[in-house]
Amino acid sequence: MSLFDDLGGRGGYLLLLVLTFALHALLIGFVLGAAAWATVRALRGGDDPIAGVSRDWLPFGLGAAITAGVAPLLLVQVLYQHRMYTATLLLSHRFMAIVPVLIAGFYLLYLGKSERVQAWNRVRRLLVHGGALAAFVFVAWTWIEEHTLASASPEVWVAHYAEGRLVHRDPVIAQRLVVWLGLAGTAYAVGTAWLGGTLAGNAGMRRLGAVGLGGLTVALGGAGALAWTYGNDVAATAGRAVVLAALAVVAAGFGFLLLAGGKLRAGRRLATAGVIVLFVAVSAIRESMRAHRVEWRGTLDGAQGLPLFLLFVVLGVVAIVWCARLVRRHLDRV
Ligand code: HEM
């Protein structure tokens with residue numbers, strides 16, 4: 001069965017959710033990967049061009065990733081409002097902790113790219129970059145916990161509330177995290193190949209190719225564990241998206257191999273196309289699984305606002321393009 005069969009009026013919302021979530025996940029992947037690279041660099045001491053590019057782009061990347069989280073947040077509420085709200089209320093402070101943690105992580109990113117911190121010793125630099133990485137992994141874990149609790153049965157919610165727990169435990173949380181961390185490696189590798197391709201040189205490209213291949217391997221390992229846990233559900237509900245994901249893995253894998261072999265242009269293009277399709281396919285698999293396991297929000301028929309949402313998407317894009325052109329025009333004054 002396809003994700004879009006038997007949807008009634010929900011198809012448009014679902015498609016938007018799949019696409020906007022894929023964008024959020026791609027940007028988050030870049031942030032997690034860049035923070036990890038900066039941390040490993042600080043741990044090993046010294047510096048390299050890829051670490052420099054990562055530190056420079058991290059604050060912008062995080063800002064873009066967070067902004068890209070808003071659209072799927074709205075769409076999840078349109079489609080699964082009762083579940084999302086229940087999980088958020090049950091996790092309470094545990095969920096809201098992401099706000100101060102993100103603020104601290106954001107600050108550490110700006111600190112980490114300052115010249116002052118570059119002059120600090122290895123331990124202090126490690127604390128700055130490692131602190132930011134830990135903050136983002138915590139936020140990723142929290143979103144997965146939220147998603148898992150929101151998809152759980154009402155009996156699980158009752159037990160959670162009765163025991164006065166703030167934390168939701170489920171083996172799939174760690175498995176999902178492994179998938180997202182692996183995918184982060186692929187998003188980071190392609191993002192950095194574009195942002196710092198010429199700076200990084202052949203040696204840098206080879207390392208990015210290896211990061212991409214490593215990320216694919218980790219993600220496949222996590223996906224295997226998840227498929228084992230979910231059993232036949234995945235093939236039955238998300239068959240076409242799984243095939244698309246498999247093709248995307250092959251394309252991205254070849255792209256990363258080309259990158260690792262020093263073929264920057266061809267490798268970068270193929271890996272980028274493969275990774276983008278992979279994120280969209282994974283997002284579709286994720287929604288297929290959810291649509292199969294949980295009921296829709298009952299009152300969707302009365303839901304309104306799509307035209308207004310689309311209007312603000314257009315206004316947002318126009319405003320962003322205008323800001324970018326403004327900055328470009330005045331770059332010489334900086
Ligand atoms: C560093 C910051 C963040 C990280 C690392 C992160 C990571 C993640 C991850 C890994 C998931 C997937 C959950 C799963 O499939 O189980 C997710 C989902 C999501 N995130 Fe983020 N996220 C971050 C910030 C945000 C912010 C600030 C927002 C809101 C503005 C947001 C909105 C969402 C939404 C709406 C979902 C989908 C939830 C669902 O479908 O149930 N994220 N995030």
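These figures come from a predicted structure and were not determined experimentally.

Trainee: Before we move on, can you summarise a nonpolar patch on the surface with the specific residues and values?
Mentor: On the surface, Trp 57, Phe 60, Trp 194 and Leu 195 cluster together into a nonpolar patch covering about 430 Å² of accessible area. Breaking the nonpolar patch down by element, the ones donating at least two residues are α2 (49-91) and α8 (171-195). Within the element layout of this structure, Leu 195 appears in helix α8. Judged by relative accessible area, Leu 195 falls into the partly exposed class, the value being 34%.

Trainee: Let's hear about the confidence of the model for the chain: which residues, and what values?
Mentor: Residues at a pLDDT of 70 or more form 96% of the chain, whose mean pLDDT is 92. Across the chain, element-level confidence peaks in helix α4 (residues 98-112) with a mean pLDDT of 98 and bottoms out in helix α12 (residues 306-329) with 91.

Trainee: Describe α4, listing the residues and the values that go with them.
Mentor: The α-helix winds at 3.6 residues per turn, so residues separated by three or four positions along the chain end up facing the same way. Compared with the 21 Å implied by 1.5 Å per residue over 15 residues, the 20 Å span of α4 between its first and last C-alpha is a close match. Taken residue by residue, α4 has Ile 98, Leu 102, Gly 105, Leu 109 and Gly 112 as its buried positions. Projection of α4 onto a plane perpendicular to its axis shows the buried side chains occupying an angular sector of 90°, all on one side. For α4, the exposed residues lying more than 90 degrees away from the buried face are Ile 103 and Tyr 107. Against α2, α3 (93-96), α5 (115-118) and α6 (122-150) lie the buried residues of α4.

Trainee: Outline the site of the ligand, listing residues and values.
Mentor: Close to the ligand lie 21 residues, the nearest being His 24, His 147, Arg 176, Arg 286 and Arg 290. A distance of 2.8 Å is found between an oxygen atom of the ligand and a side-chain nitrogen or oxygen belonging to Arg 176. Counting only elements with at least two residues in the shell around the ligand, the list comes to α1 (11-44), α2, α6, α8 and α11 (264-293). Considering every element that reaches the shell around the ligand, the biggest residue donor is α2, with 7 residues. Tallied by class, the residues present in the shell around the ligand amount to 15 nonpolar, 3 polar and 3 charged.

Trainee: Please set out unusual backbone geometry residue by residue, giving values where relevant.
Mentor: Backbone geometry places Ser 92, a non-glycine residue, at a positive phi of 50°. Along the polypeptide, Ser 92 turns up in the loop between α2 and α3.

Trainee: Describe the side chain of Thr 20, naming the residues involved and giving the relevant values.
Mentor: As for its position among the elements, Thr 20 is in helix α1. The buried category is assigned to Thr 20, whose relative accessible area is 17%. Residues within four places of Thr 20 in sequence aside, it is in contact with Ala 68, Ala 71, Pro 72 and Leu 75.

Criteria and thresholds
Residues numbered from 1 in each chain as written. Predicted model: local features only at pLDDT ≥ 70, side-chain atom pairs only at ≥ 80, totals over all residues. Heavy atoms only, no water. Patch = residues over 30% accessible without salt bridge, like charges linked within 9 Å, V, L, I, M, F, W, Y side chains within 5 Å. Areas by Shrake-Rupley, 256 points an atom, 1.4 Å probe, with all protein chains shown as cover. Salt bridge = Lys/Arg side-chain N within 4 Å of Asp/Glu carboxyl O. Helix = DSSP H or I, 4+ residues; strand = E, 2+ residues; numbered from the N terminus. Buried < 20%, exposed > 50% of the residue type's maximum accessible area, 1.4 Å probe, protein only. pLDDT = per-residue confidence, 0-100. Expected span 1.5 Å × (residues − 1). Arc of directions from axis to C-beta. Contact = heavy atoms within 4.5 Å. Near = heavy atom within 4 Å. Polar contact = N/O pair within 3.5 Å; in protein donor to acceptor, adjacent residues only side chain to side chain. Nonpolar A, V, L, I, M, F, W, Y, C, P; charged D, E, K, R; others polar.

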